[in-house]
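# Topology and contacts: notes
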Amino acid sequence: MIARLTDGVPRRALILLGLLLAALLVAPLVVDAYVLSILILILYFAYTGQAWNVMMGFAGQLSLGHSLYVGVAAYTAAALYVHFGLGPWAGVWLAILISMAFGLVIGFLAFRFGIGGVYFALLTIAFAEFTRVGFDHFTWVNGSGGFFLPVTQSEDNDPFNLRGDPVMFYYLLLAITALAFLLCRWLLTGRIGYYWLAIREEPEAAQTLGINVFRCKMIAVAISAGMTALSGVFFAFYYNNLFPEQIFSMSRSIELILGPIIGGVGSLFGPILGAFVLTVLAETVTELMHALGYDIPGIKQVFYGICLGAVVLYLPNGIWPPLRKRLGLGDRS
Amino acid sequence: MPPELVATVALQGILTGLVYGLMALGLSVIFGVVRVVNFAHGEMMTIASYAAIVAFGAWNIDPLLSMVPIAMLLFALGYVMQSVLINPFINRPEHSQFILLAAVAIVMVNGLLMIFGPDARNVLVDYSLDSIEIGPLLVDKVRVITAGMAILITAALFAFFRLSHTGKAIRACADNHLGALVIGLNVKHLYALTFGIGSAIVGAAGAMMTLLIDTTPNIGPVFTLQAFVIVIVGGLGSMPGALLGGVLIGLSEAMSGLFFAPSAKTMFGVAILILVLLFRPQGLLGRRP
């Protein structure tokens, strides 16, 4: 069970991963608050990208509406906390369940009615939009006016209610990102991982071989939605404010999936690398524009868009697969 | 609620919906042939809208006239986009095409933001506030004109695809890509042509849209989504379907604005989309793939 996590992984890859983890563990001790906030952003996108990758990269189902799962989970945990005083450690389970339920409903409708490819992707956008407008009018969580978590000014960290300084959030996020990485490795090397691979590459052949395609796709959606729920809960307690227009927006969904696509869809380390590259790129562009004195709104995004286009144009499989070949690391890492 | 009011709002919604349909038609044409989902569609429409606003502001040209050169401009843009950017992506997976076009969309939205700023702009021609009486109903003149133009352009496009050699060649590419290559059609050129035509249509729609709504750089993504909803409801690749989808969405927007809240209008459009996807995934007038 556990041995397969490291089976067939070159020693070099393990050492590199260990070094990376060690570096991330000591990072908060040496960096300033600004860099720490960037690191949190990177881990956030890495984790959410990893969650999306289960559905798209592993099982081949393109979701463009993952902001839906982030949003409902964030709202669930936040509402439980504000209205019933239920802390995030208890609320997160309900958030995961609700997110999974949303995913399963969409998956059930789509896969039962044979909706795939572009149509499935558009269905996911449609559900996210539908939910966004619904939350705009959902007065229990203050509709489009935004829902706010109380911010305490105390000096102490309160990990049980997730109230505290960024360092606490950083370590929490690092832990779930590392666990998600292990979970994905475990899934990918197990029976379900190979089923997914078959479904992704040749759905008809997979069906012929007796794989229950419907069930495997549903499992992928459930795991992906459930994992994404965690990043929603994190978002709610880290930023303390939720607006349907932002959290459910299509641009948020796109933002979430750029990392794994740039990094390499279907690879394990791709989402992490992609999140790192994109976040650093975005910040560098901001800083550069600021330093050069070009503070025109939009210029940063234009540059960002051009870089993005260039990456997909010249690296069709993302950054990680060619890099992993050069480093001589395992094939499915 | 007085029935005249409901009927008036419904008619206005249908007329606006025809222009929506024209905008979505461009997306439908492109997808039907090139099989690439243009995620920058609404953004291209916004470019056309700003071109019309500039033409009106600088030389006082009515958008109904400037839409001709604007459509030509967008044709060129679409042709170049397809032959330079998208062609290498034809055989790539969908998510890869998606990222490319999402990147194009990001550049377009923010490029417009850099040039024109975030403020809403519109075109006020001297007949903007005129209305036409149809029995007991009172309808905006601009809506009647633009809806008529939308039907006219769609009919012309339909004739082009049915009657002209180029149109038939494009349909051949759509029906059988390999067959088209075998009989020696220049598929790359025809794909670029199709993308150009689709862009020209959205260009015309964008110019007309300035008479109906306020333009900001940020409406681009909204209209991309709107175009998806319309073409899927009507049937991807079906030309009458795009108009029908546009009318349905326009009507549902108008009705939800009247009976519920204007802010809930997208919800009804999306609800129609979800129902269509579930019960008739090929769209109301689409053929089963």
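Note that the structure is a prediction, hence the values are computed from the model and not measured.

## Considerations on the overall build of chain A
The helix and strand inventory of chain A stands at 14 helices and two strands. In terms of overall size, chain A behaves like a compact globule, its C-alpha atoms giving a radius of gyration of 20 Å where 333 residues would be expected to give roughly 20 Å. Here the C-alpha coordinates of chain A stretch approximately 60 × 45 × 40 Å along the principal axes. Classification of the 333 residues of chain A by burial places 45% in the buried group. Taking the contacts inside chain A whose residues are at least 6 apart along the sequence as the reference set, 76% of them involve residues at least 24 apart.

## Observations regarding the environment of Met 209 of chain B
Residues and elements named next belong to chain B. Among the secondary structure elements, Met 209 is positioned in helix H8 (residues 187-212). Placed 22 residues apart in sequence, Met 209 and Val 187 show a C-alpha to C-alpha distance of 32 Å. Sequence-distant contacts of Met 209, that is, excluding residues within four places in its chain, are made with Val 19, Met 45 and Ser 49.

## Brief notes about the packing of helix H3 (residues 67-84) of chain A against helix H5 (residues 117-136) of chain A
Residue and element names in this part refer to chain A. For the pair H3 and H5, the least separation of the axes is 9 Å and the interaxial angle reads 30 degrees. The angle between the axes of H3 and H5 places the two elements in the roughly parallel class. Between H3 and H5 the crossing geometry is left-handed. Residue-level contacts link Ser 67, Leu 68, Gly 71, Val 72 and Tyr 75 of H3 to Phe 127, Ala 128, Thr 131 and Phe 135 of H5. The residue makeup of the contact of H3 with H5, split by class, is six nonpolar, three polar and no charged.

## Overview of the confidence of the model for chain B
All names here are of chain B. Looking at chain B as a whole, its pLDDT mean stands at 88, while 99% of the residues score no less than 70. Across chain B, element-level confidence peaks in helix H2 (residues 41-59) with a mean pLDDT of 94 and bottoms out in strand E1 (residues 131-134) with 81. For this predicted complex, the interface score ipTM comes out at 0.78, while the overall pTM is 0.86.

## A few points about the pairing of strand E2 (residues 137-140) of chain B
Residue and element names in this part refer to chain B. Note that E1 and E2 share four bridges and pair antiparallel. Bridge pairing in E2 links Ile 132 to Val 139. The hairpin turn running from E1 into E2, its antiparallel successor, is two residues long, and Gly 135 in that turn takes a positive phi close to 60 degrees.

## Things to note about the nonpolar core
Ala 73, Ala 74 and Val 233 of chain A together with Val 19 of chain B are the most contacted members of the largest nonpolar core, which totals 205 residues. Per-element accounting of this core gives the leading share, 17 residues, to H8 of chain B. If we ignore the near neighbours within four places in the chain, the residues touching Ala 74 of chain A are Gly 232, Val 233, Phe 235, Ala 236, Leu 242 and Ile 247 of chain A.

## What about the packing of helix H2 (residues 33-58) of chain A against helix H12 (residues 270-292) of chain A?
Residue and element names in this part refer to chain A. Direction vectors running N to C along H2 and H12 enclose 140 degrees, while the axes themselves pass 8 Å from each other. Between H2 and H12, the crossing angle belongs to the class labelled oblique. In this structure, the crossing between H2 and H12 has a hand that is right-handed. Contacts from Ile 38, Leu 41, Ile 42, Phe 45, Ala 46, Gly 49, Gln 50 and Asn 53 of H2 reach H12 at Pro 271, Ile 272, Gly 274, Ala 275, Phe 276, Leu 278, Thr 279 and Glu 283.

## Details of the environment of Gly 264 of chain A
Residues and elements named next belong to chain A. By the secondary structure assignment, Gly 264 is in the loop between helix H11 (250-263) and H12. Here the alpha-carbon distance between Gly 264 and Gly 274, two residues ten residues apart in the chain, equals 7.5 Å. Filtering out sequence-adjacent residues up to four positions away, Gly 264 remains in contact with Gly 270, Asn 317, Gly 318, Ile 319, Trp 320 and Pro 321.

Calculation rules
- Residues numbered from 1 in each chain as written.
- Chains lettered and ligands numbered in written order.
- Predicted model: local features only at pLDDT ≥ 70, side-chain atom pairs only at ≥ 80, totals over all residues.
- Helix = DSSP H or I, 4+ residues; strand = E, 2+ residues; numbered from the N terminus.
- Rg over C-alpha atoms; globule rule 2.2 N^0.38 Å.
- Buried ≥ 20, exposed ≤ 12 C-beta atoms within 10 Å, placed from the backbone.
- Contact = placed C-beta atoms within 7 Å.
- Axes fitted to C-alpha atoms, helices over the stretch in contact; angles between N-to-C directions.
- Parallel < 35°, antiparallel > 145°, perpendicular 65-115°, else oblique.
- Left-handed = near helix turned anticlockwise from the far one by under 90°.
- Nonpolar A, V, L, I, M, F, W, Y, C, P; charged D, E, K, R; others polar.
- pLDDT = per-residue confidence, 0-100.
- Pairing = 2+ DSSP bridges.
- Core = buried A, V, L, I, M, F, W, Y, C linked by C-beta atoms within 7 Å.

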